[in-house]
Amino acid sequence: ANSLQRQKKFKQAIDAYQNLLAKAPWLQDALTGMAECYLKLNQKTTMLAYLDTQIQNNPTYVFPVILKSRLLTLDKKYKEAIVLINRSLAQQGIKNTTYYSELGKLYSLTGDKENEFKAYTKGLNQNPNDINLMLSLASNFERKKDYDQALGLYKKILSINPRHNVSKNNLATLLLD
């Protein structure tokens, strides 16, 4: 499927991805590759319909929901994507931090800093050591000019992973300012 996609044989690649996903619907790379092919063919709505089926048939798989959210975001359908993520959180009771990260990003895109903050903190309540959520929350604090909170998060990240370069750079920048 990847080879066909690289050769720009998008319809054939889609068929190959569909065959692969019929056997292993959890494969994120296959789902992403198929979405890329549909986008190249200007058939995003077909991919969205496929994702709806995937979400219905595999309600515990997080990635189809995230991918659909990202495709909706391409059309600036942020509110629809927010509803999708919130519905998945509520219906399935899944407490996957990826949902909270995606939700925070969506709220950020809409300028809703309060709900962005809530999404990141809810995710961190599920997994207090999630570095991606901590980074996102630190950025939220920086945008609100709450630099002490951001510094604390960067330090916490570095206590978990002392080699985390983004946190090192952001911490150094804040300390220099």
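Quantities reported herein were computed from a predicted structural model and do not represent experimental measurements. (Residues numbered from 1 in each chain as written. Predicted model: local features only at pLDDT ≥ 70, side-chain atom pairs only at ≥ 80, totals over all residues. Heavy atoms only, no water.)

One finds Leu-31, Met-34, Met-47, Leu-67, Ile-85 and Tyr-154 to be the most contacted residues of the largest nonpolar core, which totals 52 residues. With residues near it in sequence (within four places) discarded, Leu-67 still touches Leu-31, Thr-32, Ala-35, Met-47 and Leu-51. (Core = buried A, V, L, I, M, F, W, Y, C linked by side-chain atoms within 4.5 Å. Buried < 20%, exposed > 50% of the residue type's maximum accessible area, 1.4 Å probe, protein only. Contact = heavy atoms within 4.5 Å.)

With that settled, the discussion passes to helix α8 (residues 113-126). With 14 residues, α8 extends 20 Å between its outermost C-alpha atoms, agreeing within 8% with the 20 Å of an ideal straight helix rising 1.5 Å per residue. Those residues of α8 that fall on the buried side of the exposure criterion are Glu-116, Ala-119, Tyr-120, Gly-123 and Leu-124. All buried residues of α8 lie within an arc of 130° about the axis, which places them on one face of the element. For α8, the exposed residues lying more than 90 degrees away from the buried face are Glu-114, Lys-122 and Asn-125. Summarising the contacts, the buried residues of α8 are in contact with α7 (97-110) and α9 (131-143). (Helix = DSSP H or I, 4+ residues; strand = E, 2+ residues; numbered from the N terminus. Expected span 1.5 Å × (residues − 1). Arc of directions from axis to C-beta.)

On average, residues of the protein chain carry a pLDDT of 93, and 98% of them reach 70 or more. Within the protein chain, the lowest mean pLDDT, 90, falls on helix α11 (residues 165-176), and the highest, 97, falls on helix α3 (residues 28-40). (pLDDT = per-residue confidence, 0-100.)

With that settled, consider the packing of helix α2 (residues 10-23) against α3. At their nearest, the axes of α2 and α3 sit 9 Å apart, and the two run at 155° to each other. For the element pair α2 / α3, the angle class is roughly antiparallel. Where α2 crosses over α3, the two elements pack in a sense that is left-handed. Within the contact between the two elements, α2 uses Phe-10, Ala-13, Ile-14, Tyr-17, Gln-18, Leu-20 and Leu-21 and α3 uses Asp-29, Ala-30, Leu-31, Gly-33, Met-34, Cys-37, Tyr-38 and Lys-40. Taken together, the residues of the contact of α2 with α3 break down into 11 nonpolar, two polar and two charged. (Axes fitted to C-alpha atoms, helices over the stretch in contact; angles between N-to-C directions. Parallel < 35°, antiparallel > 145°, perpendicular 65-115°, else oblique. Left-handed = near helix turned anticlockwise from the far one by under 90°. Nonpolar A, V, L, I, M, F, W, Y, C, P; charged D, E, K, R; others polar.)

Look at α3 against helix α5 (residues 63-74): their axes get within 10 Å of each other, and the N-to-C directions meet at 25°. Judged by the inter-axis angle, α3 sits roughly parallel to α5. Crossing of α3 over α5 shows right-handed handedness. Here α3 contributes Gln-28, Leu-31, Thr-32, Ala-35 and Leu-39 to the contact with α5, which in turn contributes Phe-63, Pro-64, Leu-67, Leu-71 and Leu-74. Within the contact of α3 with α5, the residues separate by chemical class into eight nonpolar, two polar and no charged.

Glancing now at the environment of Lys-168. Relative to the assigned elements, Lys-168 resides in helix α11. Lys-168 sits in the partly exposed class, given a relative accessible area of 37%. Considered as a pair, Lys-168 and Glu-116 are 52 residues apart in the sequence and their alpha carbons are 24 Å apart. In contact with Lys-168, not counting residues within four places along its chain, are Leu-158, Pro-162 and Arg-163.

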